[in-house]
2 protein chains.
Amino acid sequence: MGPEHRGRSRLAKVQDAEVVAGLLHDFNVEFDTPTPGVEVLTSRLRWLLAGEQTFAIIAGSPAVAVALATLRPNVWYRGPVTLLDELYVVPDLRGGGIGSEIIDLLWAVARERSVSLIEIGIDEGDLDARRFYERHGFAATEPGSDERALYYVRELTD
Amino acid sequence: MGPEHRGRSRLAKVQDAEVVAGLLHDFNVEFDTPTPGVEVLTSRLRWLLAGEQTFAIIAGSPAVAVALATLRPNVWYRGPVTLLDELYVVPDLRGGGIGSEIIDLLWAVARERSVSLIEIGIDEGDLDARRFYERHGFAATEPGSDERALYYVRELTD
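So, a few notes on the structure that sits alongside this text. (Residues numbered from 1 in each chain as written. Chains lettered and ligands numbered in written order. Predicted model: local features only at pLDDT ≥ 70, side-chain atom pairs only at ≥ 80, totals over all residues.)

**Examining helix 3 (residues 98–112) of chain A**
Residues and elements named next belong to chain A.
Step number 1: Between its first and last C-alpha, helix 3 extends 21 Å over 15 residues, near the 21 Å set by a 1.5 Å rise per residue.
Step number 2: Three or more residues of helix 3 are buried, namely Ile 98, Gly 99, Ile 102, Ile 103, Leu 105, Leu 106 and Ala 110. The arc that holds every buried residue of helix 3, seen down its axis, measures 165°, which confines them to one face. Exposed positions of helix 3 whose direction lies more than 90 degrees from the buried face are Ser 100 and Glu 112. (Helix = DSSP H or I, 4+ residues; strand = E, 2+ residues; numbered from the N terminus. Expected span 1.5 Å × (residues − 1). Buried ≥ 20, exposed ≤ 12 C-beta atoms within 10 Å, placed from the backbone. Arc of directions from axis to C-beta.)

What follows is the structure, given as structure tokens:
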């Protein structure tokens, strides 16, 4: 039995692109973050989910939660590194264990793909999220370090 | 003139794998971080530098500085996202502008590859590094957010 058949969560297929896009769009609308809209996201996800570098997990039917993750190589590890880019559960169903179920499946998928490290960027003030991920074995300090790392970004504008 | 011909910095080729590996190894030895050794790193880098997801920049001949970056897709952006995984300048030559030159070339390479966003994780207490990247246009808050993000990790052990 592959990880895609466990519980209510499963790996998204290319034909789930619109569902994944809808949830990611709702996520950003809820948190006042810019979104290019469902149509653009769907078209990008059709391409991304067909490739090897991106995977998504959805939960429920109709889907009520989504996780989006990317893989990349890292010179310090034998296997790839996975970044959990997004994890969203619709507001009414939060606190019911769906997020934990998705993390368990993420974990299983990562193992299956020989992933060495899972990363996630979390807003410093989002204590609920920080507690959630700490409960699931994530730490704000890298192995061998006692210092927290901050996530810096610079956008390239056209 | 491509970015690989500017100044003393250039994009590393597959045959530079051992030089890149040597500098990355020295980096980790200097900062008491585990390293699998030059031989393992060289073999990984031969494979990584031949692919599309990783690139390295080296400066000087013999090389005295290195940057290692990875690319991955991101659903929120048209182009890929680049993570600057490592930037190392040998101790004697720090503060002489080599780091800035490498960042300029990273920037040029990113533009050439239609990158939308450059990311980097920086230790919270490393004020020199934070100032350096802030001078180069990086910010600890994402566009549209006023909150810092922390970088969380979980290793998967075999």
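**Considerations on the nonpolar core**
Step number 1: Counting residues in each nonpolar core, the largest one holds 90 residues, and the members touching the most others are A:Val66 and B:Val66.
Step number 2: Ranked by residue count, the leading element in this core is helix 3 (residues 98–112) of chain B, at 7 residues.
Step number 3: In this structure A:Val66 touches A:Val20, A:Leu23, A:Leu24, A:Ala56, A:Ile57, A:Ile58, A:Glu86 and A:Tyr88, once residues within four positions along its chain are discounted. (Core = buried A, V, L, I, M, F, W, Y, C linked by C-beta atoms within 7 Å. Contact = placed C-beta atoms within 7 Å.)

**Quick notes on the relation of the copies chain A and chain B**
Step number 1: Once turned by 180° and shifted 0.0 Å along the axis, chain A lies on chain B with an RMSD of 0.0 Å. On the angle and the small slide along the axis, the relation comes out as a two-fold axis. Taking C-alpha positions as reference, the residue of chain A nearest the rotation axis is A:Leu150, located at 2.4 Å.
Step number 2: The fraction of interface residues of chain A whose copies in chain B are also interface residues reaches 100%, indicating that both copies meet through the same surface. (Least-squares fit on C-alpha atoms with pLDDT ≥ 70 in both.)

**Description of the packing of helix 1 (residues 17–30) of chain A against helix 2 (residues 38–50) of chain A**
Residues and elements named next belong to chain A.
Step number 1: Across the interface, helix 1 lies against helix 2 with an axial gap of 8 Å and an inter-helix angle of 130°. Between helix 1 and helix 2, the interaxial angle falls into the category oblique. Like other packed secondary-structure pairs, helix 1 and helix 2 cross with a definite hand, here right-handed. The residues of helix 2 that touch helix 1, namely those facing Ala 17, Glu 18, Val 20, Ala 21, Gly 22, Leu 24 and His 25, are Val 38, Leu 41, Thr 42, Leu 45, Arg 46 and Leu 49.
Step number 2: Residues belonging to the contact of helix 1 with helix 2 are distributed by class as follows: 8 nonpolar, 3 polar and 2 charged. (Axes fitted to C-alpha atoms, helices over the stretch in contact; angles between N-to-C directions. Parallel < 35°, antiparallel > 145°, perpendicular 65-115°, else oblique. Left-handed = near helix turned anticlockwise from the far one by under 90°. Nonpolar A, V, L, I, M, F, W, Y, C, P; charged D, E, K, R; others polar.)

**Points about the pairing of strand 4 (residues 81–89) of chain A**
Residues and elements named next belong to chain A.
Step number 1: Extensive coverage of strand 4 is indicated by the burial of 8 of its 9 residues.
Step number 2: Note: strand 3 (residues 65–72) against strand 4, 8 bridges, orientation antiparallel. Across the sheet, Ala 67 pairs through a bridge with Leu 87, a residue of strand 4.
Step number 3: Pairing of strand 4 with strand 5 (residues 117–123), which is carried by 3 bridges, proceeds in the parallel orientation. Bridge assignment links Val 81 to a residue of strand 5, and that residue is Leu 117.
Step number 4: What joins strand 4 to strand 5 is helix 3, and the crossover it makes is right-handed. (Pairing = 2+ DSSP bridges. Right-handed = clockwise from strand over helix to strand, strands pointing away.)

Distances and angles like these do not, on their own, reveal function.
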